[in-house]
Amino acid sequence: MNLSVIWYLREFLSFEWVHKFLFVKTAPLTTPPYFRDYPLLTGKECTHCLACMMICPVPGGIEVLMTREDACHLPVTQSRPPGSDTWNPVIYPGHCIRCGLCVEVCPEGVLMSGRVIEFQFIDNTAFTSTFQLEVDHTLCMRCGNCSIACPVNKEVDPALGGGAPPSSMESVMLVTGGELKILNEDKCTGCKTCETACPNMAIRVVRQVEGIHQEDEEE
Amino acid sequence: MKFDDVLCPFCGCLCDDITVTAEGGRVTGVDNTCLLGTSKFLGDNRLKNPIMRTDDGWKDVTYDEAIASTLDALLEADRPLLYGWSGTHGEAQCIGVHMAELLGAVIDNTSSVCHGPSILAIQEVGHPGCTLGQVKNRADVIIYWGCNPTEAHPRHMSRYTTYADGYFLDNAFRDRTVIVVDVRRTETAELADVFVEIKPGGDYAVLSALRAMVRGRDEMIPDSIAGVSKEQLRHIVEICKNAKFCAVFFGVGLTMTRGKYKNVRNAIELVDELSRHTKATITPMRGHFNVYGSNEVNTWMSGYPYAIDFCRGIAFYNPGETTAVDILARKECDAALIVASDPAAHLPSKCIRHLANIPVVQIDPYPNMTTAFCNLQIPVAVSGIDAEGTAYRMDGVPIRLRKVLETEYPTDTMLLGRIYEAMMEVRGR
Ligand code: SF4
Ligand code: SF4
Ligand code: SF4
Ligand code: SF4
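Just so you know, these numbers come straight off a predicted model, no measurement behind them.

With that out of the way, let us pick up the layout of surface pockets. All names here are of chain B. Approximately 620 Å³ is the volume found for the largest pocket. For the largest pocket, the lining is made up of 25 residues, of which F10, K40, H288, D364 and Y366 are closest to its centre. Take the lining of the largest pocket: its biggest share by element is 3 residues, from helix α1 (residues 35-42). Of the residues belonging to the lining of the largest pocket, the class tally is 12 nonpolar, 9 polar and 4 charged.

And the structure:
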């Protein structure tokens, strides 16, 4: 015991050690370029597609808010005053786990973080999403609220929303054959209007995201 | 065979955009109908022929025998009651009134147990109503008071109100504000922009408060009325006063709770008050597809909408005395003809007990709860499926029911017509 104390003192009180301790040169601490920090804004225009919000795996990680125009160059982590005039994603650091999915999914390149976008470009990868509609026929009253409210249906069959009988089978869904039938799931844009218009929680929109390698797609 | 633009003979919405496919004397498919309409179109447990109760069960009888025994029952009775009428077409309802006059009977329809109070209120203060087309094309504020269209009129919101785009409303459900007032959070309340939860029985007080506030007498309203905060009431008044067109719909939650017809009267007067600031209308959510028609037919034929007593030889109307419920509860009635309704499902048990003790003839295509105690049931064609006729939508618009099936069954008009003719013969007219 006593021996080791003496040994320590001799070692650490030597001039050499003390000098090294105080004057040694180490590399300065810098963030490496591949470090994936909380996403930042690139200044590109957000189109409010909400793809980032939809892919974020944690609750409350990201929100797309109306923000002041000149705030775009600020890091996203800074909160901004409300009552402004462009849409921008806002990251909440306490919730965000810095997975970078939102950066990768944004079709407009609004966000950046580390080398996510760079590698996405090199690897030529992207996300695609499709929507799956599910109807619980035991809950559905066939009231037609969903098919009348669906914005895609409004485009395909404009008279439908005004109460006319359906004139086209191209709608996403229609009440036909005694039930609510999903006819063209691929046209759904995932807006969830149908979900909010349903009084019985009978229709559900599920977003399915897939990572794709674009070269493969073209082949 | 496909039929387009068929009417759905179920609820008062009377949807007229149904496509029906019929093959081999059966409806095989329907498009655009809600769950209720679909089950009516596809329902197939009809009675094959008239059935008569005997000491040991049911006996099949012919239509001639059935008519003869109906005549016996009705002609022998001192105080017959002709009840129902809301599920058949106008032509048959006409014969019903003639029959009641000939027999000196009481004729009443199902509105005496649902929207009867609304009619009383309308008789007192009038009816600022409009067609559903006006609502669809113009109304930017919709109020559902004491009704749950999701359950009872499933397509009301998608055809006429919340979700239906109108001439002046391109994006209906963004442009319209929907207010739901009820005692519990119904499915419809989930779709509302504003939900007002009233304590049961508080409708009258809340309506009065709203009236006062529309008049600008805010200061006299206490902070909370029947569980509704003054803040929320003020909010509603603001929405209504700033509306371009405010359409109120109400159901039995208003007519059959404490205050009854006074509630409806108050609601009409609120609409009246609102009309000083904007355009406002009020419409009862009528249940059966042609209960409105029954009121109309009765009114143009006898002067009164329901509960008409012909025992004096002239039409006499006194709801509370001549309504079916009261006549049965006082055990006055000694024979009943039930047409196109199921009293066993909605009359008080006291009345049903009396019905079980007297001869009851039921004219209805399907076995129902009333079958359990009637003495004779005569099946007929279903109005709107294999019988044509006129029906009145909840807003009072008459629409022609279409026929999509050929049938062996007599229609209500034919059957009642035969019974009526035979009655006239017996009575020597
Ligand atoms: S980095 Fe991941 S966790 Fe953070 S906001 Fe984006 S998607 Fe959500
Ligand atoms: S999510 Fe939107 S686009 Fe898709 S079916 Fe529902 S309403 Fe239509
Ligand atoms: S809104 Fe809901 S209940 Fe109505 S038809 Fe659509 S899924 Fe069915
Ligand atoms: S809302 Fe009424 S009239 Fe329309 S389909 Fe349903 S039951 Fe028939």
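Structure shown, so let's carry the discussion forward.
Take the site of ligand 3 next. With respect to spatial proximity, 13 residues lie near ligand 3, and among them C140, M141, C143, C146 and C198 of chain A are the closest. Classifying every residue of the shell around ligand 3 gives 9 nonpolar, 3 polar and 1 charged.

This brings us to the side chain of S86 of chain B. All names here are of chain B. Relative to the helices and strands, S86 resides in the loop between β6 (80-84) and α3 (90-103). For S86, the side chain forms a polar contact with the side chain of T110, separated by 2.9 Å. Beyond its immediate stretch of four places on either side in the chain, S86 contacts T110, H288, F289, N290, V291, A340 and S341.

Turning our attention to the sheet that holds strand β2 (residues 18-23) of chain B. All names here are of chain B. Across the sheet, which stays open at both edges, the 3 strands sit in the order β1-β2-β3 with antiparallel pairing between neighbours. Edge positions in the sheet fall to β1 (2-6) and β3 (26-31), since each has one partner strand and no second. The sheet shows a mean angle of 25° between the axes of neighbouring strands, taken without regard to direction. Here 5 bridges tie β2 to β3, and the two strands are oriented antiparallel to one another. Looking at β3, one finds that A22 is bridged to V27.

All names here are of chain B. According to the domain assignment, chain B consists of domain 1 (47-113 + 289-427) and domain 2 (116-284). For domain 1 and domain 2, the distance between their C-alpha centroids amounts to 34 Å. The interface of domain 1 with domain 2 comprises 12 residues on the first partner and 15 residues on the second. In total, about 990 Å² of surface goes out of reach between domain 1 and domain 2, with carbon and sulfur atoms giving 63% of it. When residues of domain 1 are sorted by the area they lose upon contact with domain 2, R393, M394 and D395 head the list and together hold 49% of the total. Applying the counting rule to domain 1 against domain 2 returns 0 salt bridges. Across the domain 1-domain 2 interface, the total number found is 4 residue pairs in polar contact (both at pLDDT 80 or more). Within the side of domain 1 that touches domain 2, the residues separate by chemical class into 7 nonpolar, 3 polar and 2 charged.

With that out of the way, let us pick up the confidence of the model for chain B. The predicted model of chain B has a mean per-residue pLDDT of 94, with 100% of residues at 70 or higher. Here the complex is predicted with pTM 0.84, and the ipTM for its interfaces comes to 0.85.

Time to look at the sheet that holds strand β9 (residues 177-182) of chain B. Residue and element names in this part refer to chain B. Taken in spatial order, the 5 strands line up as β10-β9-β8-β13-β14 in an open sheet, and their pairing is parallel. The two strands at the open ends of the sheet, each matched to only one other strand, are β10 (194-197) and β14 (279-284). When the angles between neighbouring strand axes are averaged without regard to direction, this sheet yields 15°. Strand direction decides the pairing type here: β9 and β10, joined by 4 bridges, are parallel. Looking at β10, one finds that D182 is bridged to E197.

Taken residue by residue, a regular strand's side chains alternate between the two faces of the sheet. Residues and elements named next belong to chain A. For strand β6 (residues 173-176) and strand β7 (residues 179-182), the ladder comprises 4 bridges, and the chain directions are antiparallel. Residue pairing in the sheet places M173 in a bridge with I182 of β7. In this structure, the hairpin formed by β6 and β7 is closed by a connection of 2 residues, where G177 is found at a positive phi of approximately 60°.

Interface extent is often summarised as the accessible area lost during association of the parts. With 24 residues of chain A at the contact, the number on the chain B side is 26 residues. Three residues, M141, R142 and P199 of chain A, lead the burial of chain A against chain B; their summed loss comes to 26% of the area buried on that side. Between chain A and chain B we count 1 salt bridge in total. When residues of the side of chain A that touches chain B are traced back to their parent elements, those giving at least two are α6 (145-149), β6 and α8 (193-197) of chain A. When the residues that make up the side of chain A that touches chain B are grouped by side-chain class, the tally is 11 nonpolar, 11 polar and 2 charged.

Moving on, we come to the confidence of the model for chain A. Per-chain confidence: chain A averages 85 in pLDDT, with 89% of residues scoring 70 or above. Counting interchain partners and residues more than four positions distant, the pLDDT-below-50 stretch residues 71-83 of chain A has 22 contacts.

With that settled, the discussion passes to the pairing of β6 of chain B. Residue and element names in this part refer to chain B. Burial runs high along β6: 5 of the 5 residues are buried. Here β6 pairs with strand β17 (residues 335-339) via 5 bridges, running parallel. In the strand pairing of β17, P80 is matched with A335. As defined by bridge partners, β6 adjoins strand β7 (residues 106-109) across 4 bridges and the pair is classed as parallel.

All names here are of chain B. Between its terminal C-alpha atoms helix α14 (residues 291-302) stretches 16 Å, which fits the 16 Å expected from 12 residues at 1.5 Å a residue. Among the residues of α14, V291, Y292, G293, S294, N295, V297, N298 and S302 are the ones counted as buried. Buried residues belonging to α14 abut α3, β7, α4 (116-125), β15 (308-309) and β20 (389-392).

On to the packing of aromatic side chains. On inspection of all chains with the given rule, the structure shows 10 aromatic pairs over all chains. For the ring pair Y163 of chain B and F173 of chain B, a centre distance of 5.6 Å and an interplane angle of 45° mean the geometry is tilted. In this pair, Y163 of chain B is assigned in the loop between α7 (156-159) and α8 (172-175) and F173 of chain B in helix α8, connecting sequence segments 10 residues apart. Classification of Y163 of chain B by relative accessible area gives buried; the value is 4%. Through a chain of ring-to-ring contacts, three or more aromatic side chains come together here, namely W7, Y8, F12, W17 and F21 of chain A. Cation over ring: R98 of chain A sits above Y38 of chain A, and NZ or CZ is 5.8 Å from the ring centre.

So, on to the side chain of S168 of chain A. All names here are of chain A. Here S168 is to be found in the loop between α7 (151-156) and β6. At a separation of 2.9 Å, a polar atom in the side chain of S168 contacts the main-chain amide nitrogen of E170. Leaving out residues up to four positions away in the same chain, S168 has contacts with V156, D157 and L174.

Cut-offs and rules
- Residues numbered from 1 in each chain as written.
- Chains lettered and ligands numbered in written order.
- Predicted model: local features only at pLDDT ≥ 70, side-chain atom pairs only at ≥ 80, totals over all residues.
- Heavy atoms only, no water.
- 1 Å grid on protein atoms, 1.4 Å probe; cavity = no way out; pocket = protein on both sides within 12 Å on 5 of 7 lines; lining within 4 Å.
- Points joined across faces, edges and corners; volume = space filled by probe spheres on them.
- Helix = DSSP H or I, 4+ residues; strand = E, 2+ residues; numbered from the N terminus.
- Nonpolar A, V, L, I, M, F, W, Y, C, P; charged D, E, K, R; others polar.
- Near = heavy atom within 4 Å.
- Polar contact = N/O pair within 3.5 Å; in protein donor to acceptor, adjacent residues only side chain to side chain.
- Contact = heavy atoms within 4.5 Å.
- Pairing = 2+ DSSP bridges.
- Axes fitted to C-alpha atoms, helices over the stretch in contact; angles between N-to-C directions.
- Domains from an automatic or database assignment.
- Buried area = accessible area lost by both parts, 1.4 Å probe.
- Salt bridge = Lys/Arg side-chain N within 4 Å of Asp/Glu carboxyl O.
- pLDDT = per-residue confidence, 0-100.
- Buried < 20%, exposed > 50% of the residue type's maximum accessible area, 1.4 Å probe, protein only.
- Expected span 1.5 Å × (residues − 1).
- Phe/Tyr/Trp six-rings, centres within 6.5 Å; stacked < 30°, edge-to-face > 60°.
- Lys NZ or Arg CZ within 6 Å of the ring centre and 35° of its normal.

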